[in-house]
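Descriptive analysis of the structure
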Amino acid sequence: MKPLLRDPMALLGLALLTPLLLGAALGPLMADAALETHLEARLLAPSAQHWFGTDALGRDVLARTLAGAASTLGLAFLVALLAAPLGLLLGAVAGTLGSWAETILMNVTDIALAVPRLILALALAAALGPGLLNAAIAVALTAWPPYVRQARAETLSARKADFIAAARLCGASELRIALVHIAPLGLSSMLVRLSLDLAGIVLAAAGLGFLGLGAQPPAPEWGAMVAAGRTHLVDAPWIAGFPGLAIVMAGLGFSLLGDALRDMLDPRQERC
Amino acid sequence: MRRVLTFPLTLLALLGCTFLFMKIAPIDPTLAVTGEKASEAARLAAAQTLGLDQPWPVQFARHLGRVMTGDLGVSTLSGQDVLSDLALAFPATIELALAATLIGFGIGLPLGVAGAYWRGRWPDHLARLVALLGHSVPVFWLGLMALYIFYAALGWMPGPGRISFYLEGLAPRISGFILLDSLLAGRLDIASDALAHLVLPALTLGLFTSALFARTSRALMLDALGQDFILTARAKGLSEGRVVFGHALRASAAPLATTLALALCSLLEGSVLTETVFSWPGLGSYMTGALMAADMAAILGGTILIGLVVAGLNLLADMMQRRLDPRTA
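What you see is a predicted model; the values in this text were computed from it and never measured.

Scoring rules and cut-offs
- Residues numbered from 1 in each chain as written.
- Chains lettered and ligands numbered in written order.
- Predicted model: local features only at pLDDT ≥ 70, side-chain atom pairs only at ≥ 80, totals over all residues.
- Heavy atoms only, no water.
- Helix = DSSP H or I, 4+ residues; strand = E, 2+ residues; numbered from the N terminus.
- Buried < 20%, exposed > 50% of the residue type's maximum accessible area, 1.4 Å probe, protein only.
- Contact = heavy atoms within 4.5 Å.
- Buried area = accessible area lost by both parts, 1.4 Å probe.
- Salt bridge = Lys/Arg side-chain N within 4 Å of Asp/Glu carboxyl O.
- Polar contact = N/O pair within 3.5 Å; in protein donor to acceptor, adjacent residues only side chain to side chain.
- Axes fitted to C-alpha atoms, helices over the stretch in contact; angles between N-to-C directions.
- Parallel < 35°, antiparallel > 145°, perpendicular 65-115°, else oblique.
- Left-handed = near helix turned anticlockwise from the far one by under 90°.
- Nonpolar A, V, L, I, M, F, W, Y, C, P; charged D, E, K, R; others polar.
- Patch = residues over 30% accessible without salt bridge, like charges linked within 9 Å, V, L, I, M, F, W, Y side chains within 5 Å.
- Areas by Shrake-Rupley, 256 points an atom, 1.4 Å probe, with all protein chains shown as cover.
- Phe/Tyr/Trp six-rings, centres within 6.5 Å; stacked < 30°, edge-to-face > 60°.
- 1 Å grid on protein atoms, 1.4 Å probe; cavity = no way out; pocket = protein on both sides within 12 Å on 5 of 7 lines; lining within 4 Å.
- Points joined across faces, edges and corners; volume = space filled by probe spheres on them.
- pLDDT = per-residue confidence, 0-100.
- Lys, Arg positive; Asp, Glu negative; His and termini not counted.
- Disulfide = S-S within 2.5 Å.

A tally of helices and strands in chain A yields 11 helices and zero strands. Tracing chain A from N to C terminus, the helices and strands come up as α-α-α-α-α-α-α-α-α-α-α. C-alpha atoms of chain A, sized along the principal axes, occupy 75 × 45 × 30 Å. Expressed as a percentage of the 272 residues in chain A, the buried residues total 53%.

Written out as structure tokens, the structure reads:
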């Protein structure tokens, strides 16, 4: 086990994520600059005054990219917060209770795993109507099944353990055993899986934004900004280019950090 | 046997989801029939003809019956049957997905095998870099940047779309696959134009497939190369080529078949974004177009079709796995 901060790849991941997290933290301060339109300064190329250039309404692309960090990263964290604990709890309950409850839960999970994720999220977001929260719900509802599988697999090895038998002898209910004694055991592998998943969640969230299902204009969101840059791709490629680079930075940062975190917390797994 | 049962259950779940989405969508289906200014009585009558006054289970059973008989409703956007719309759009998506799979398999598999064989050397770093990029770069942005560089800036490639506009409709529509149709009609000019249009979207999608293949085949080969039977094969004097391709790769064949099916599934999903970027007239463009117009019948029809194909591919992968790896049978 090596410390996270000695791993060069983890440091690189952190270096990529830091400006984005700063942007997300400072986003509210940028909100005015991100929405301010200057029709006399439309489609300006990157310069000393506008580092990332300006978009079709003369808004500063740098300010919008920084302000957009809050919505894209916030959406990803919201999904993580919803889907991963739900999966962990369901898996722990399924593994502890056993018998028919386990059969039903695991079959539902298998079926949910087989349903195409992005398509379902898209249909759901279309049904709920566009919006940041609805997009988060749509991605979260399609993201939980792998966590159930993993948590149940962890539970199977623990449910015959002595301390579980002891808890049962003390009169703990099955649900209490599942939630209080078993679920925490799966926490570290849930975090590892989550950190590896975050890149994919960011991409899915940005994809929904690109399709117009995330935050609504004029609010800045990376996927939607890339979509808005499509019409000016030839004469002003920076409008789509820089927010896209921010997505790439987030994706790379989370992937690198996730790999490093897995190496640290779960050395059994082969690095690949 | 259990898997065979999963297939209809998955379809049932999928139809349940689409039915639920239809119900929670804030779109009143009677409006499409009666128009905005209809009286309350006319709306109620329309609801009755549409069966909306029935309890939910009855409505769901009817929905099930309609879908089973191929009636996916009428698209409000195109005014056509959703099923015939899908039949028009699907070949374009298959064309793109197959091309991307070929590219992904052709690049990813050799990369993964080389990465595992020369572990820790430059082929390994390359394989891991490709896998990392496939994990972190959004497909829609990569497609746009490819269009900007190779079409707008360099002019090496044709622009978005499936075929140049002046050739549109010149090839007879036989199978719906433009490449095949134009070759059958003997129009090499159309075929080469369609092929040129296919290059950028297929390469964009193909990068993600090659990342998947590179990652999976590298992990599988690393595992296989460390097994005792490889030591035996080497000890009995087989050439390295035979050891790697005849023994280690053969042992990885079954999980690779599963990966292939998985790749096709993710390609169907990736096509939604890629087709939008490249204005490729396939299933993805159809669904995003329907999305903009709140055309629920078209969106759900596309969801059902993709879900059906994905579930079918999963089943196929499972059967292939049994075929290739007798231990799991």
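Structure's up, so let's keep going.
This part covers the interface of chain B and chain A. The interface of chain B with chain A comprises 47 residues on the first partner and 43 residues on the second. In total, chain B and chain A occlude about 3900 Å² of area from one another, counting both sides; carbon and sulfur atoms represent 77% of this. Counting the surface chain B buries against chain A, the share from its top three residues, Phe140(B), Trp141(B) and Glu269(B), is 15%. Here chain B is connected to chain A by zero salt bridges. Linking chain B to chain A there are five residue pairs in polar contact (both at pLDDT 80 or more). Contributing elements (two or more residues each) for the side of chain B that touches chain A: α1 (2-24), α6 (122-136), α7 (139-153), α9 (188-225), α12 (253-278), α13 (283-292) and α14 (296-324) of chain B. A total of nine residues in the side of chain B that touches chain A trace back to one element, the largest contributor, which is α1(B).

What follows concerns the packing of helix α10 (residues 228-235) of chain B against helix α11 (residues 240-251) of chain B. All names here are of chain B. Running from N to C, α10 and α11 cross one another at 155°; their axes reach a closest spacing of 10 Å. Relative to α11, α10 is oriented roughly antiparallel. Taken as a pair, α10 and α11 cross one another with a handedness that is right-handed. Between α10 and α11, the contacting residues are Phe229, Ile230, Ala233 and Arg234 on the first element and Glu240, Val243, His247, Ala248 and Ala251 on the second. Class assignment of the residues belonging to the contact of α10 with α11 gives a composition of six nonpolar, one polar and two charged.

With that out of the way, let us pick up a nonpolar patch on the surface. Residue and element names in this part refer to chain A. A contiguous nonpolar surface patch, about 420 Å² in accessible area, is contributed by Leu78, Leu82, Leu133, Ile137 and Leu141. Only α2 (61-97) and α5 (132-143) provide two or more residues apiece to the nonpolar patch. If one sorts the elements of the nonpolar patch by residue count, α5 sits on top with three residues. Relative to the helices and strands, Ile137 is located in helix α5.

Further remarks concern the packing of aromatic side chains. Residues and elements named next belong to chain B. Under the criterion given, the structure shown has seven aromatic pairs over all chains. Centre to centre, the rings of Phe19 and Trp56 are 6.1 Å apart; their planes meet at 85°, and the pair counts as edge-to-face. With a gap of 37 residues between them, Phe19 in helix α1 and Trp56 in helix α4 (residues 56-68) connect regions that are remote in the sequence. Owing to a relative accessible area of 6%, Phe19 belongs among the buried residues under this scheme. The structure contains a cluster of three or more aromatic residues connected by ring pairs, namely Phe19, Trp56 and Phe60.

Residues and elements named next belong to chain B. In this fold, Ala42 is placed in helix α3 (residues 40-49). Residue Ala42 is classed as partly exposed on the basis of its relative accessible area, which comes to 31%. The spacing of Ala42 and Thr30 is 12 residues in sequence and 9.2 Å in space, taken between C-alpha atoms.

All names here are of chain A. Considering all chains together, one arrives at four cavities of 30 Å³ or more under this definition. The computed volume of the second largest cavity comes to approximately 40 Å³. Around the second largest cavity, the lining residues are Leu88, Ala92, Ala151, Glu154, Thr155, Ile182, Ala183, Leu185 and Gly186. Contributions of two or more residues to the lining of the second largest cavity are made by α2 and α6 (145-158). Partitioning the lining of the second largest cavity into residue classes produces six nonpolar, two polar and one charged.

On to the environment of Ile163(B), then. Residues and elements named next belong to chain B. By secondary structure assignment, the location of Ile163 is in the loop between α7 and α8 (178-184). Along the sequence, Ile163 and Ala131 sit 32 residues apart, while their C-alpha atoms lie 31 Å from each other. Leaving out residues up to four positions away in the same chain, Ile163 has contacts with Glu168, Ile178, Ile190, Asp193 and His197.

Of the residues in chain A, 95% have a pLDDT of 70 or more, and the chain-wide mean is 81. Model confidence for chain A, summarised as mean pLDDT per element, is weakest for helix α4 (residues 117-128) of chain A at 78 and strongest for helix α7 (residues 162-169) of chain A at 87.

With that settled, the discussion passes to unusual backbone geometry. The phi torsion at Ser279(B) lies on the positive side, around 50°, for a residue other than glycine. Turning to its location among the elements, Ser279(B) is positioned in the loop between α12 and α13.

Let us now look at the pattern of salt bridges. All names here are of chain B. Counted by the stated rule, this structure contains four salt bridges over all chains. Taking the shortest distance from any N to any O, the salt bridge between Arg218 and Asp124 comes out at 2.6 Å. Here Arg218 is found in helix α9, whereas its partner Asp124 is found in helix α6, with 94 residues between them in sequence.

Relative to the elements of secondary structure, Leu211(A) occurs in the loop between α9 (187-210) and α10 (222-229). A sequence separation of 12 residues divides Leu211(A) from Gly223(A), and the C-alpha atoms of the two residues are 7.8 Å apart. The contact partners of Leu211(A), leaving out residues within four places of it in the chain, are Leu122(A), Val272(B), Leu273(B), Thr276(B), Thr288(B), Leu291(B) and Met292(B).

All names here are of chain A. As for its placement among the helices and strands, Glu221 is situated in the loop between α9 and α10. Although Glu221 is buried, it makes no salt bridge; Arg64 carries the closest opposite charge, 8.9 Å away. For Glu221, the side chain forms a polar contact with the main-chain nitrogen of Gly223, separated by 3.1 Å. A distance of 2.9 Å separates a polar side-chain atom of Glu221 from the backbone nitrogen of Ala224. If we ignore the near neighbours within four places in the chain, the residues touching Glu221 are Ser71, Thr72, Ala205, Ala206, Gly209 and Ala215.

Turning our attention to the state of the cysteines. Residue and element names in this part refer to chain B. Taken as a whole and assessed by the stated rule, the structure comprises zero disulfides over all chains. Considering cysteine sulfurs only, Cys265 is the nearest to Cys17, which forms no disulfide, with 17 Å between them. Here Cys17 falls in the partly exposed class, since its relative accessible area comes to 24%.

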